[in-house]
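The lines below spell out each chain.
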Amino acid sequence: MSAGNASRLPPDFIWGVSASGYQSEGGNVDSNWDRYNANAADQDPYGRSIDFRHRYREDVALARDLGVNTFRIGINWARVEPRPGEFDATELAYYDDLIAALKEAGIAPMICLDHFVYPGWIADRGAWTAPDTVTRFVRFAGMIAQRYAHDVKWWLTFNEPAFFVLIEAKYRKLKWAGIRCMRRHLIAAHAQIYDLIHAIDPQARVSSNFVWCGRGARSWLLQRFTDWLFLGGVRDKMDCIAFDYYYGSITHELLAGRPWDCDPSPRGLHHALKTLARRYPGKPILIAENGMPTLNAGPRADGVRREDALRDCVYWAQKAAAEGVPLIGYLYWSLTDNFEWGHYGPRFGLYTVDVMTDPELRRKPTAAVDAYRTI
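Report on the accompanying structure. (Residues numbered from 1 in each chain as written. Predicted model: local features only at pLDDT ≥ 70, side-chain atom pairs only at ≥ 80, totals over all residues. Heavy atoms only, no water.)

Moving on: empty space enclosed by the protein. What the rule picks out here adds up to 5 cavities of 30 Å³ or more. Put simply, the largest cavity is a space of about 70 Å³. Contributing to the lining of the largest cavity are Gly21, Tyr22, Gly74, Ile75, Asn76, Trp77, Cys112, Leu113, Asp114, His115 and Val117. For the lining of the largest cavity, the secondary structure elements donating two or more residues are helix H1 (21-25) and strand E3 (108-114). For the lining of the largest cavity, the element with the highest residue contribution is E3, accounting for 3 residues. Along the lines of polarity and charge, the residues of the lining of the largest cavity split into 6 nonpolar, 4 polar and 1 charged. Empty space within the second largest cavity amounts to approximately 60 Å³. Looking at the lining of the second largest cavity, its residues break down into 5 nonpolar, 4 polar and 1 charged. (1 Å grid on protein atoms, 1.4 Å probe; cavity = no way out; pocket = protein on both sides within 12 Å on 5 of 7 lines; lining within 4 Å. Points joined across faces, edges and corners; volume = space filled by probe spheres on them. Helix = DSSP H or I, 4+ residues; strand = E, 2+ residues; numbered from the N terminus. Nonpolar A, V, L, I, M, F, W, Y, C, P; charged D, E, K, R; others polar.)

Here we come to the environment of Gly67. Along the chain, Gly67 falls in the loop between helix H3 (52-66) and strand E2 (70-74). When its relative accessible area of 57% is taken as the criterion, Gly67 is described as exposed. Separated by 308 residues in the primary sequence, Gly67 and Ile375 place their C-alpha atoms 9.4 Å from one another. (Buried < 20%, exposed > 50% of the residue type's maximum accessible area, 1.4 Å probe, protein only.)

Structure, rendered in structure tokens:
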């Protein structure tokens, strides 16, 4: 199908790309994920990742060339606050210049405050099961919100909170009491940050993005878990429904760690949008992440190409909007390949980066670059 066969989206529609700080920045920063990587023999070495920390202006130029109007970035708490109460001026200057570069390119920054990563000293104090982590994270978030309120209107507190809890349960071996404790703290932190950002800028839009997989028994269980874990506790503290869509259902291949063997199911995006519009009437809806993985930039076994999946997903999103779904934006994950939480094999990027074999970390365009530019 072609995106051109559906109704046009409004001129103020959010067209963008998504990224996370940790997955792309690289470098040696003491965080929970640096420790997880160091202690896991079956994971790729993190290293420089794609070195976004030093090549961000190059990547902003690539985003500008696409024609997008929004770039979702992450602020890495572990990078900004390496020790309790000490904010690193050099790293804040980096984020200052990143946001300045986006503005110069005519691209609005959208900030995600937490993408599964926190400082090592927070890990030493009990991570998200420690009661003072809420206070410390809200302090960090407040500093960032105050610093960038003039330039940033869109904020996400936590990326995929249900998966965040599952990741922490795996690496920190959390029992049921620890999961419930982390749940309470994430909800409390989101609510406080929501109020804090709106006190700084009443016009700001604040939310948290969650995974929505579509149909099937396993998908239903994930949705119920997400509702219990987070969404049910913050429903009145979300200015839009921001969700990530990659697969029509949770399959054996996905559970086995082979996302490149999973059907991207573009039509399932239409079903997800219609369902969310019914569940959250009156709430605008943002597709915060959507993309299709391959393994090491090779062809998929099912023959699906990234550019075709992209066109088809946009088509079904446009169709849902034409049918009355209050869709306000679409963000592709991601501009470049990056560190997919333990491995560089899964590739989602519009631009391929061969981290493990190319010391120059060249950004090589896939056919999806022209597809997205045309859209």
